[in-house]
Amino acid sequence: MKKIYAFHQFVKLDRGPVNTCISDLLKGDIFQVPNTLAEKFEQRKFSEIPDFIESLKEAELIIRVDENAWIPPIRPENEEEPESVSLLLELEEGTDIERVLNFFEENGIHIMRIHLFADSAGPEERVKGIPFKKMEKDFSACKPLTTITGDFENIHEDAYFYNKKYNSCWGSKLAVTRDLSIHPCIYSGLVLGNIAEPGCSNWEDIWNKADKYRKITKSQVDTCKECEFKFVCFDCREIARVEGGSLTASNPNCPYDPLKGTGLHGQ
Ligand code: SF4
């Protein structure tokens, strides 16, 4: 049987118009290579790209396998939606915590953690058995997370697959402000409903709206939808919405142009 090179099952390739992102979900490493190299690899023209093959071997991204070997995927791409939802709850200081927790409990929502946004941070505690932490309320702290330099944080397998289905920031959280209105996050001006209003007993309506925001992935976002980094890159929809004027506006803090492959590392 003829031997060929193949990527390990924990390596994911995402193609942009010019470049390919190679994500090593075992070590968390992220590499960017020109599409021409990735295509030659896929076409098994290994002898034309010896340096590339050497660098892939060095990074432990490829193995020698029989030509027709099947390498199973590490996990199914289309995992079912979980039946119950666990959320991070963000609260504004002064919010009636008991009332908010009762509201979510009545509607079958499990709160896995509470962040209370205040003037200063505090130690980790528990409220009604739920991990609770006071955080400093500072929207400007979100900007560095979306400032793209090309040096991406290590990517974990769970985060990669999560980013394919959910928004990396809004995917598993809701926020409630002092006036008991519900938002996708504590900094968002979008209102999903208000716990104090009688109509708010219709949790399904609120959840349908929340679900729409939770599931804005970079595959829907201007510019990012073309980008090879779209599943390894953090997303803040509130910054894009405020600065770009729409929920699917591109990240204003990213200099990369995936259509040209320029803007990072002085390119
Ligand atoms: S274009 Fe979008 S996905 Fe690509 S690097 Fe910039 S912010 Fe990330």
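Higher on the page you've got the structure.
As the structure is a prediction and not an experimental result, all values here were calculated from the model.

Thresholds, definitions, all that
- Residues numbered from 1 in each chain as written.
- Predicted model: local features only at pLDDT ≥ 70, side-chain atom pairs only at ≥ 80, totals over all residues.
- Heavy atoms only, no water.
- Helix = DSSP H or I, 4+ residues; strand = E, 2+ residues; numbered from the N terminus.
- Buried < 20%, exposed > 50% of the residue type's maximum accessible area, 1.4 Å probe, protein only.
- Contact = heavy atoms within 4.5 Å.
- Areas by Shrake-Rupley, 256 points an atom, 1.4 Å probe, with all protein chains shown as cover.
- Salt bridge = Lys/Arg side-chain N within 4 Å of Asp/Glu carboxyl O.
- Near = heavy atom within 4 Å.
- Nonpolar A, V, L, I, M, F, W, Y, C, P; charged D, E, K, R; others polar.
- Pairing = 2+ DSSP bridges.
- Axes fitted to C-alpha atoms, helices over the stretch in contact; angles between N-to-C directions.
- Arc of directions from axis to C-beta.

J.: Help me understand the overall build of the chain in this model?
T.: Along its length, the chain carries seven helices and 12 strands. For the chain, the spread of C-alpha atoms along the principal axes amounts to about 70 × 40 × 35 Å. Residue burial in the chain is summarised as follows: out of 267 residues, 45% are buried. Considering only residue pairs separated by 6 or more positions, the chain has 60% of its internal contacts joining residues 24 or more positions apart. Accessible area for the chain stands at about 14,100 Å²; split by element, carbon and sulfur atoms hold 49% of it.

J.: How do you make sense of the pattern of salt bridges when you look at a structure like this?
T.: Where side chains of opposite charge bring their charged atoms close, a pairing between them can arise. Evaluated as defined, the whole model comprises 20 salt bridges. Here Arg113 and Glu124 are joined by a salt bridge, their closest N and O atoms 2.9 Å apart. In this pair, Arg113 is assigned in strand β7 (residues 110–118) and Glu124 in strand β8 (residues 124–127), connecting sequence segments 11 residues apart. Here Arg113 falls in the partly exposed class, since its relative accessible area comes to 25%. A single network of salt bridges, built from pairs that share partners, joins Arg15, Glu39 and Glu42.

J.: Explain unusual backbone geometry here, please?
T.: Comment: phi is negative for the bulk of residues other than glycine, and the bulk of peptide bonds are trans. We note that Lys128 has phi near 50 degrees; this positive angle belongs to a residue other than glycine. As for its position among the elements, Lys128 is in the loop between β8 and β9 (130–136). One non-glycine residue, Leu180, lies in positive phi territory at about 70 degrees. By relative accessible area, which is 6% here, Leu180 ends up buried.

J.: What am I meant to see in the site of the ligand here?
T.: In the region of the ligand, the neighbouring residues are Ile148, Phe152, Lys218, Cys224, Cys227, Lys230, Cys233, Asn251 and Cys254. Residue composition of the shell around the ligand, grouped by class: six nonpolar, one polar and two charged.

J.: Could you clarify how one ought to interpret the sheet that holds β9 in this entry?
T.: Backbone hydrogen bonds hold the strands of a sheet together, and the pairing may be parallel or antiparallel. Reading across the sheet, the seven strands line up as β8-β9-β7-β6-β10-β11-β12 and stay open at both edges, with mixed pairing between neighbours. Either end of the sheet is taken by a strand with one partner, and the two such strands are β8 and β12 (193–194). Relative to β9, β8 is paired through four bridges, and the arrangement is antiparallel. When the bridges of β9 are listed, Glu124 appears paired with Lys133.

J.: In this structure, what is going on with the sheet that holds strand β2 (residues 11–15)? I would like to understand it.
T.: Read from one edge of the open sheet, three strands run β2-β3-β4, paired in antiparallel fashion. Two strands in the sheet have a free side with no partner beyond their single neighbour: β2 and β4 (30–34). Strand-to-strand, the axes of this sheet are offset by a mean angle of 25 degrees, without reference to chain direction. Relative to β4, strand β3 (residues 19–24) is paired through five bridges, and the arrangement is antiparallel. Each residue of the ladder has a partner; that of Ser23, found in β4, is Ile30. Running over the sheet, helix α1 (residues 35–42) touches β2, β3 and β4 and is turned about 90 degrees from β4.

J.: Could you clarify how one ought to interpret helix α3 (residues 97–106) in this entry?
T.: Two residues of an α-helix separated by three or four positions point the same way, owing to the 3.6 residues in each turn. What α3 keeps buried is the set Val100, Leu101, Phe103 and Phe104. Around the axis of α3, the buried residues are gathered within 155 degrees of arc, so they sit on the same side. Turned more than 90 degrees from where α3 packs its buried face, Glu105 and Glu106 sit exposed. One or two positions beyond α3, positive phi appears at Gly108, with a value near 70 degrees.

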